[in-house]
Structures are given as C-alpha cells and as structure tokens.
Amino acid sequence: MAVDSTDTYSGPYTTNGSTTVFPFTFKALATNELMVLLRSSGGVDTTVSPNAYAVALSDDGGDVTFTTAPATGSMLYILSDPSFEQKIQFADGDKWRAAPVNEANDRSVVRDLAIIGRLDRALVAPVDQDPVAYFKSSGFKGDKGDTGGNVMAVGLASDLISMSSPVGTTLIATSGNAQKGLGQAQYKLLDPVTDATAYNALSAANSVSLTGQNIWWFQLIDGKRAVIAEPEPFAEMFGAVGDATYNSTTGLWSGTDNTTALQAWLDYCTYVARCAGRIGAGAFLHTATLHGGYGNAFVSTNIRGAGYRYGGATLAGTAFVNNFSDQPAFNFAGQRYGNIEGVTFVGSFYKFISDGHACSHSITPSFDDTVMRQWLPLTADARALNRYSTYAAITIDGFNDNNGAISGTDPETGIAYTTYVTPTWPAWTGLAAGRGTKGLSSGITIDCQFRGFGAAMIVHPGNTDGNGDFVNVRSSSVDYCVYVFSYGNSQGRNQQVGNISGGTCWCAIATSRHGRQNGRLGGTLESISFSGLMRLMEIHSVSIVTSTIFQQAYIEGGWQLGTCNGASASEGEMTIASGTFSLALQDSVGRGVPPFVWGHPTSANGTSAGLRLSSGAITDFPYTMDFRATNLRLDGVTIRSYRLDTVGPATIPLFMAHVANATLGITVPALNGRRAGHRLYVGLRNLSTGAFFAQQLIDHTSNAVGTRDLGLPIWVRAVQPSGTAPFEVVTGLPTPSTIAPTGLTLTSDSSVLAGDNAADPIRLRLEGNIGAGNAAAFAMNGGCAGSIIRHTNSGMAFAIYSYDNTTGAFKARALTNYRLVGGTYQTYDGTVIGATDQFSAYYSGFSTPSLPSYATYASGSTGVTAFQRGSGGSIGATEVANGDRIFVNPNIDTQIGSTQNLISALDLTAKTFTLPANALASSTRQRVVGILRAPPANL
C-alpha cells in the first residue's frame, strides 16, 4: 500500500484512568515499530513497555489497546519508531513480485518521515558552522539537566496556548505578541508541581494575575504556564499596537483599540511586578481612561515612552490618542512617587482649537477665545469643561471622591454636571460601586507633551481634598489646551513646575477652577514660556506653607496676567520674578481690552492678595493696565504701551488704577530720546482718604515712588506736550468723587478721533450729561478732556474726550472691559450701563487757566520760605532752583476737595505765582508734594 499520511506521531491524549484504546494515524509496518510515551504533569516523559498494550494495524494507522487503562493526569503520545534494518533481499534471476518491492519502498518512506519529524524539532546550525561551537556561542545549552535551562524559540506569544514545551525548557523567547516583530519577549515556564505556589497564584479567584491570562501569561497544552519575564516590559508585549492614524478632516483617530492591552500592562507593572513599564514609538489609540493605580492601595506606577511624538501623527515618539471627551485620558490614584515621561497625550479638542485660530494676532478666531467656555467643541461632551469633569490628559486622584460624587447644574452654562462617571472597577481591587479611598497621591513626576485637552493635568478634580503634593511637572510642552496645570487640593505643598513651553492655551496655572476650587501651589514655578496665552494664572490664594513664585515666565502674545480670588486681608504676595509679558492679544482681531490685567474675577474692587513683579517687562498693551489689588509692588519693571510708540491722542492715558499699598519702580524705554514726545507721570493717592501723596515724572531712567505703609494707589499717565496750550501738564489727582451722570448711552462707534489710527476706532462710546448736581465737583477735579471716570459696578474705565462746561455733556471712550461680539463692541461682563448708574472721577487730564495746579518757580516768588516737604520739614533755598516746576497741596491731613485751587495767581511770563492769602499761616502751611527738576525748554 502507498504511504498517504506524513504524520509521525498521534496525540496527545489526556489519560483519565478508564480509556484503554488510543488510535494512531501514521503507517507502521510492524506492531513493534511504534513507541508509546506518557508525559507526567511535571513534564517528565516515560516510555511505556510494549507488554502493557497490544497493537492492531490497518493500512493507514491502527489502535493501541492497553491491558490496564493509564492513570489519570498524563498526556499520551504514540510515535512512529521504524526499524532501520534492511532485511529484504532479491537474488539474481528471481521472479519480480510487487509485495516485497512495495514493502521496501514503504519502509524507506516511513523511515524518512521519522527522521524528518525529529529534524523539524531540532536546532539547526548554518551550513558552514560547527554545530557545537555555533550553539555555544549563541547561548544555547543543550544538556537537559543544565541548571541554566533551555530556551525555546517560538513564533507569537498568542500561539503559546496551542503549544507544548520540550522537556527541560525553562524559558520561551517569542518573536512578538500578536504580530511578528512587535512585542518580542521572554517568558518563564512554571510547572504545576515544582512551581506550585506561583503557578496556582495565576488562577486565584479575583486576582490581578487571573486577568492577565492570555495577555501576560499563557497556559500551554502540556499544562505548564508561560509568564512574562521582562524587568521593564513593553506595552507591546501585552498586545498594544501603535498603529493609530489621524484624519485631518474629521479630527478623529482610527486604529487598534489598545484599552485592554494598555490597562493589563499598567496593572502588571503597578501591582504584580512592581516595575517600570516601557512603551515604544507609535500612536496608541484607547477608548477609556487608563488607570495608574485604582486608589485601593498606595502604589507606584512608572511609565517611560520613546519620547514626544510632536504633532501626534508624523514624527517619532510615543502618543496616547483618543476620541472621547467625557473622562480623563490617564488617572494616577493612590500614588507614591509615580512617574510618566516621554509620552505625548493627544486629545479630541486639537482640531477645533487649532482650526479656530485661538490666540491669533492676525486672524479673527472662529469662536470667542476670551471666554473659556467657547473653547469647547460642539462635538465634545457638554460637561467636558465643567468644574468636576473637565476633559483632562492626566488627573491625579480623579476618581477618589471620598465625599461622594457631585451632581448639579453648572451656573456658567446651565448644563448638568457630575464628577467623572465611575468606571467598572476590576473585581480584584475590592472597589465595587464606590470609588478609591487612597486619595492622597504624592511625589508624582510628569515629563510629557499635551495637546487638545480641556486641561493637561488636574490634581483633585472631584469632591475631595487631600495632599496631592510634591507633584513635579518638568520639561513638558502644552499646546491647544484650555487649561495647562490645575490644582484643586488645599494641601498642595511644594508643587514644582519647571521648563514648561507651549502655546494657544487659555490659562497656564489654576487653583480656583476645578474640584473644590481651593487649591494651593506653594513653590517655585520656573521658566514657563507660552506663545499665545489668554491668562497666566487663575489663583485661589497663596500656599499654606510658602510663597508662590513665578520665576522667568515668558508670555509672547498674552491677554491678562490673570485673576486671584483671595479674600483674606492676610494673604501673602504672589511674586512674578524676571517675567516678560507681551499683552499683544488685547484689542486685536476684535478682542477689545479686558476688565483688568490682574485682580479679582468678579469684584470691581479687586483682590486683597498681593502681587509683586520684580524686574522683567510688560509690553504691547493698548490703553490701560488696570491692576485691581490691595497690594502691588513693581520693582524695576519695564512698561511699554504700543500707544507710547506712536503720536497718539493726548487725551488717552496710560493708566494703572485701583491699587493700594503700592510700590512702583518702572522704566519706560519708549521715552528714551523722545523729550519732545510723550512724557510719563505717576501719581499716588490714598484710596480711603483721597489724600494726595506724590506725583513724579518718569523719564528714560528708572524711577521708584510709593510706599507700602500708607496704602497708596498708583496711576501712571502719559501726555503729549504739543505746545497748543500753556498748561498741558498733569494735575494733581482729585478725590474719587462719585458722580451720577444722566441720559447715558453705551454705543459702538467706528469714527476716528484726532490722533487715532484709522484701524483703531473708538470701539465703545459712553455719552451723557454730568448733571447739575455733579458739575461743580467734576469741574473742580479737572472736568476736561483726558479725565478718567470709572463705572462703580463693573470697574470699567472711560477716558473723557469731549466735555461741555455749559451743558455738562460729555463723551468718553472705553479703556477697559470691551470686546467685539457679532460685529458690535460690548462689555465683557455683560454690564448694561443705565441712566442712573454711578461713576467715580479719578483724575483730570490737563490743567486749565482757571484751575492751575503746577507752576514754574522763580526766585522772587512770594512765600517760598513757607514751603515744607511732604514730611513737614522746611525746604532749603538750594533745593528749589529757577525753572523748577512745583506742585503744592493743602496739609496732607486735609482731603483735597473743592479747595484745590491752590495757586491764586500765575504769571508765566514773569515765571511767578502767588499763594492763597492764608498760605503763610502756620496752621495751613503748604507742603511741596512734587518738585520736578527743570526740563529742557521743549517740554
């Protein structure tokens, strides 16, 4: 008969103590030309004696029948074992017979098949190599009893469940997990007898190890278990595939869903091996939150990627990508010094923010980028920017709501919100319907890139509070995100942020936005650099343990320094040291000017927390810098408005307002060499009493004025001496008189004033009548072009550019708190100015002949010896020189009011002035508040 089957063995058959007959499918030429093996559960092979069974042959196989059934628990194999003897012989002249010829041919084929079957299971050396030397140099050890063990090289790890291991094998090397060349790994073999404890732990009920079956451990058909044996396993070894591709039209990603594989990898590294996990280059799509710890125990998750995949699509590196927006991409829980580095997180907001031209200098954004909520794409989950459920790349203790989940309605949008929806926790965590209890992560280090999220990172976004301290974010990059780093925990000691760069974001650092909105920083935030940033900070208040310092912050194209809602008078300072801020996003492509540069988010009276700017520069703001704060210190800060670099209208001031306890030290480089152009003055006055303290010219050198002891606000004013009137100098600051104009209207106006650029219209215009009851006070306070009035409710500042003494009618242009909405300029906060609203008159723009405040000193002036310093000491004759301009004030204890007409006569030709009749009386001695050294004639 022909040999139709190439099988050389049959089996394995699992013995059960009752089955006695076992078939085989290969051709055997005699009953003694096969072998029966029994393999124990420990992997030991035993040849069964031929006396224990009988063999029945057929043309294509046969049966082995045992006298006594083999015992339960073994694997039985029937192998071809042909004789290699040749006993068939043909004599010369014998008749030709088919039977012996066929037997000879069949025996030859059977022997060949047996040999090939053995060679197929053998290691083969290259044709030109000595086998012994080759395999020794390759690290293979051939002795079964060698303590080093044998390594079995196989194909894919996913094939292990259909394989068995040769006797003596202790390690298996794979060519990949589910794809050749992807996820190569070594696996250790566990025997159910000799490795019983570790073997049985893999199948323990409700264990993390059980969930790793067919992912990081596999059971072979011979009963052994192959367990991954890598010191720092790659996610690809668990089945992760970085094949996601980005659709630039839809903004969505497609590819292998790696959620299960990545989570198994994280669980193994965090809870089983307690080792660092690595992940190679590629874009890894996942469809749910990845958990580094579940909050059921204190753990340490450490992840190392292949570097930033900048752009998320084309360049080398590792990216985690997703299309959802209702949960964080990654959550750390119960961490003790976890770490993630070399990974780019790419979220689903990227296309909307990028295509919308947010933070652009030249292209009008497709959404109002001055409003945080407008950064939410229409396709996103409606809650994705809510306080408790912001779509974040990384959250820390995001699901550890010890105080329970929160549900309600967002007051900003009216949208229902809740904390992040509780995921289905693995059974082995012991977390059923509740959430994690270990909400005290500490010492996490993050070195990643982020783009396209509601927030790059949030500490404690839920209804819980705790440490969450010592979080170290370093060398990271954040682009196209609404918030960069946000802290909701009140015990945030020594949060560290350093070497952060990025652009096109709403706010860099927040402590008053998420979770319980009472976050603390407490530490130094170094080298934060952004191109395109609406706010540097949204701060609740300062740290519980130490000052918060922004060191070397650089904002190229900003809108505000930010907000601070600290309410306690004992709040310490927020320090910005060596910071450079361009506010070029103000009044560009329809944004208008925000209500303030830094202050309380809702109170027109500002924040009680202090702000200190030490060195650095603030540049490119259009009209005003309105700091609304109780305490402000500017130490050696460069101030530059783009209006100082042009001719500009003389009636629009550079303006700092609503600041008390102030110290000012600034340089105005735009004034260098421009004595015939703009000049800058500063004035200080007590907000509570209205008492005027000092006024000083700021020229090309740095100047410092002010005191923290007297509670003095700061105003800075630029004027353009044009020679058109002899009194074009700044007057003293008046009392903050309350005026109630009538017939007020607030309109958009595209007309251009004298000195304006055609591309720089009035924007918002306020018109009305000062009113008969206010005319006198207003006139006494200057009442002329350039006066500043401030809306009591919103703090919105207006500059008067037209005033009629006879009728009291005025027109003013908005300096703060306006924006372009639908082609019409409106207020940012939605304020509607009514006919009965009140305003404060802050200061007048110019002196008038009837109300002089400055005079030029001539040595023959009456009453010079009566002058005193602001401190009360007499002024010596050498301290006042011919040509000096002086300003005199009633006794500093007397509030400036309607008696401001301090100089009764002024003769500019003779350069003399006369004081009021009682000025020489000891009880009303005048004090010299400002002495400005004689400037060149062209001033």
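Predicted model, so just to flag it, every value in this text is computed and none were measured. (Residues numbered from 1 in each chain as written. Predicted model: local features only at pLDDT ≥ 70, side-chain atom pairs only at ≥ 80, totals over all residues. Heavy atoms only, no water.)

**Q** Got a minute to help me understand the sheet that holds strand β8 (residues 150-153) in this structure?
**A** By definition, the strands of a sheet pair up through backbone hydrogen bonds, in either a parallel or an antiparallel sense. Spatially, β8-β9-β10-β12-β11 is the arrangement adopted by the five strands of the open sheet, whose pairing is mixed. With one partner strand each, in any of the chains shown, β8 and β11 (217-219) form the two edges of the open sheet. The mean inter-strand angle of the sheet, taken between neighbouring strand axes irrespective of direction, is 30°. (Pairing = 2+ DSSP bridges. Helix = DSSP H or I, 4+ residues; strand = E, 2+ residues; numbered from the N terminus. Axes fitted to C-alpha atoms, helices over the stretch in contact; angles between N-to-C directions.)

**Q** Would you mind going over helix α4 (residues 259-272) with me for this structure?
**A** One turn of an α-helix holds 3.6 residues; hence residues three or four places apart share an orientation. The terminal C-alpha atoms of α4, which comprises 14 residues, lie 19 Å apart, in line with the 20 Å expected from a rise of 1.5 Å per residue. Among the 14 residues that make up α4, twelve are buried, leaving the element largely enclosed by the rest of the structure. Where α4 is concerned, the buried positions are Thr 259, Ala 261, Leu 262, Gln 263, Ala 264, Trp 265, Leu 266, Asp 267, Tyr 268, Cys 269, Thr 270 and Tyr 271. (Expected span 1.5 Å × (residues − 1). Buried < 20%, exposed > 50% of the residue type's maximum accessible area, 1.4 Å probe, protein only.)

**Q** Any chance you could explain the environment of Gly 462 here in plain terms?
**A** Checked against the element boundaries, Gly 462 lands in the loop between β26 (455-459) and β27 (472-474). Taking the C-alpha atoms as reference points, Gly 462 and Ser 389, 73 residues apart in sequence, are found 7.6 Å from one another. If we ignore the near neighbours within four places in the chain, the residues touching Gly 462 are Tyr 388, Asp 401, Thr 419, Gly 515 and Arg 516. (Contact = heavy atoms within 4.5 Å.)

**Q** It is not clear to me how the pairing of strand β32 (residues 548-551) should be interpreted in this structure. Could you clarify?
**A** A one-sided burial pattern is seen for β32, the buried positions being Thr 548 and Phe 550 and the unburied ones Ile 549 and Gln 551. Inspection of the sheet shows strand β31 (residues 523-539) paired to β32 by four bridges, in the parallel sense. Each bridged residue has a counterpart across the sheet, and for Thr 524 the counterpart in β32 is Ile 549.

**Q** What should I look at first to understand the pattern of salt bridges in this one?
**A** Two side chains carrying opposite charge are able to pair once their charged atoms lie near each other. Under the counting rule described, the total for this entry stands at 13 salt bridges. A salt bridge links Glu 232 to Arg 278; its shortest N-O distance comes to 2.6 Å. Residue Glu 232 is found in the loop between β12 (225-228) and β13 (245-247), and its partner Arg 278 is found in strand β15 (residues 277-278); the two are separated by 46 residues along the sequence. Arg 278 gets classed as partly exposed once you look at its relative accessible area, which sits at 27%. (Salt bridge = Lys/Arg side-chain N within 4 Å of Asp/Glu carboxyl O.)

**Q** Looking at this structure, I do not really get the packing of aromatic side chains. What am I missing?
**A** Working definition: an aromatic ring pair is given by the centre-to-centre distance plus the angle between the planes. Tallied over the full model, the rule gives 31 aromatic pairs. Ring plane angle 40° and centroid distance 5.7 Å describe the contact between Phe 399 and Tyr 420, whose orientation is recorded as tilted. Remark: Tyr 420 occurs in the loop between β24 (416-418) and β25 (445-451) and Phe 399 occurs in the loop between β22 (392-396) and β23 (407-409); sequence separation between them is 21 residues. Each member of the pair, Phe 399 together with Tyr 420, is buried. One aromatic cluster in this structure is built from Tyr 271, Tyr 294, Phe 399, Tyr 420, Trp 425 and Trp 428. When the ring centre of Tyr 199 is taken as origin, the NZ or CZ atom of Arg 225, which lies over that ring, is 4.1 Å away. Here the basic side chain of Arg 336 rests over the ring of Phe 298, its NZ or CZ set 4.1 Å away from the ring centre. (Phe/Tyr/Trp six-rings, centres within 6.5 Å; stacked < 30°, edge-to-face > 60°. Lys NZ or Arg CZ within 6 Å of the ring centre and 35° of its normal.)

**Q** Honestly, the sheet that holds strand β2 (residues 21-24) in this entry has me stumped. Any pointers?
**A** The strand order across the open sheet formed by three strands is β2-β6-β5, and the pairing between neighbours is antiparallel. Two strands close off the open sheet at either side, each with one partner strand: β2 and β5 (53-58). Ignoring strand direction, the axes of neighbouring strands in this sheet form an average angle of 20°. Bridge count for β2 against strand β6 (residues 61-66) is four bridges, and the pairing is antiparallel. Note that in β6 the partner of Pro 23 across the bridge is Asp 63.

**Q** What is the right way to look at the pairing of strand β30 (residues 496-510) in this model?
**A** Two faces make up the sheet, and in a regular strand the side chains alternate between them. Summarising burial for β30: twelve of the 15 residues are buried, a large majority. When β27 meets β30, the two strands line up parallel, connected through three bridges. Counted as the bridge partner of Arg 474 is Gly 498 from β30. Two elements, strand β29 (residues 483-487) and β30, share three bridges in a ladder whose sense is parallel.

**Q** Hey, could you run me through the nonpolar core in this one?
**A** As a rule of thumb, nonpolar side chains are buried together in soluble globular proteins. Within the largest apolar cluster, 130 residues are counted, with the highest numbers of intra-cluster contacts made by Trp 265, Phe 345, Phe 450, Met 457, Phe 485, Phe 530 and Ile 618. Beyond its immediate sequence surroundings of up to four residues, Phe 450 is in contact with Phe 345, Ala 393, Ile 394, Ala 456, Ser 476, Ser 477, Val 478, Asp 479, Cys 481 and Phe 485. Membership of the second largest hydrophobic core comes to 23 residues, among which are Val 593, Ile 788, Ala 814 and Phe 839. (Core = buried A, V, L, I, M, F, W, Y, C linked by side-chain atoms within 4.5 Å.)

**Q** I keep staring at unusual backbone geometry and nothing clicks. Help me out?
**A** With glycine set apart, most residues show a phi of negative sign, and most peptide bonds adopt trans. With an omega of 5°, the peptide bond running from Gly 11 to Pro 12 counts as cis. With respect to the element layout, Pro 12 can be found in strand β1 (residues 9-14). Even without a glycine there, the phi angle at Ser 475 is positive, about 45°. Position of Ser 475 among the secondary structure elements: in the loop between β27 and β28 (477-479). One non-glycine residue, Asp 587, adopts positive backbone phi at about 60°. Tracing the backbone shows Asp 587 in the loop between β35 (580-582) and β36 (598-599).

**Q** In this structure, what is going on with the side chain of Arg 790? I would like to understand it.
**A** Looking at the element boundaries, Arg 790 is found in strand β48 (residues 788-791). Residue classification places Arg 790 among the buried positions, given a relative accessible area of 3%. Here the side chain of Arg 790 touches Asp 626 through a polar contact of 3.1 Å, side chain to side chain. (Polar contact = N/O pair within 3.5 Å; in protein donor to acceptor, adjacent residues only side chain to side chain.)

**Q** Which parts of the structure should I look at to understand the confidence of the model for the protein?
**A** Close inspection of predicted coordinates is inappropriate in any region flagged by low pLDDT. Looking at the protein as a whole, its pLDDT mean stands at 76, while 70% of the residues score no less than 70. This stretch, residues 685-735, has a pLDDT under 50; its non-local contacts, to residues over four places away or in other chains, come to 215 contacts. Scored below 50 in pLDDT, residues 917-939 makes 68 contacts in the model with residues more than four places away or belonging to other chains. (pLDDT = per-residue confidence, 0-100.)

**Q** When you look at the environment of Trp 506 in this model, what are you seeing that I'm missing?
**A** Residue position: Trp 506 is located in strand β30. Residues Trp 506 and Trp 559 lie 53 residues apart in sequence; the distance between their C-alpha atoms is 9.4 Å. Side-chain polar atoms of Trp 506 contact the side chain of Glu 538, separated by 3.1 Å.

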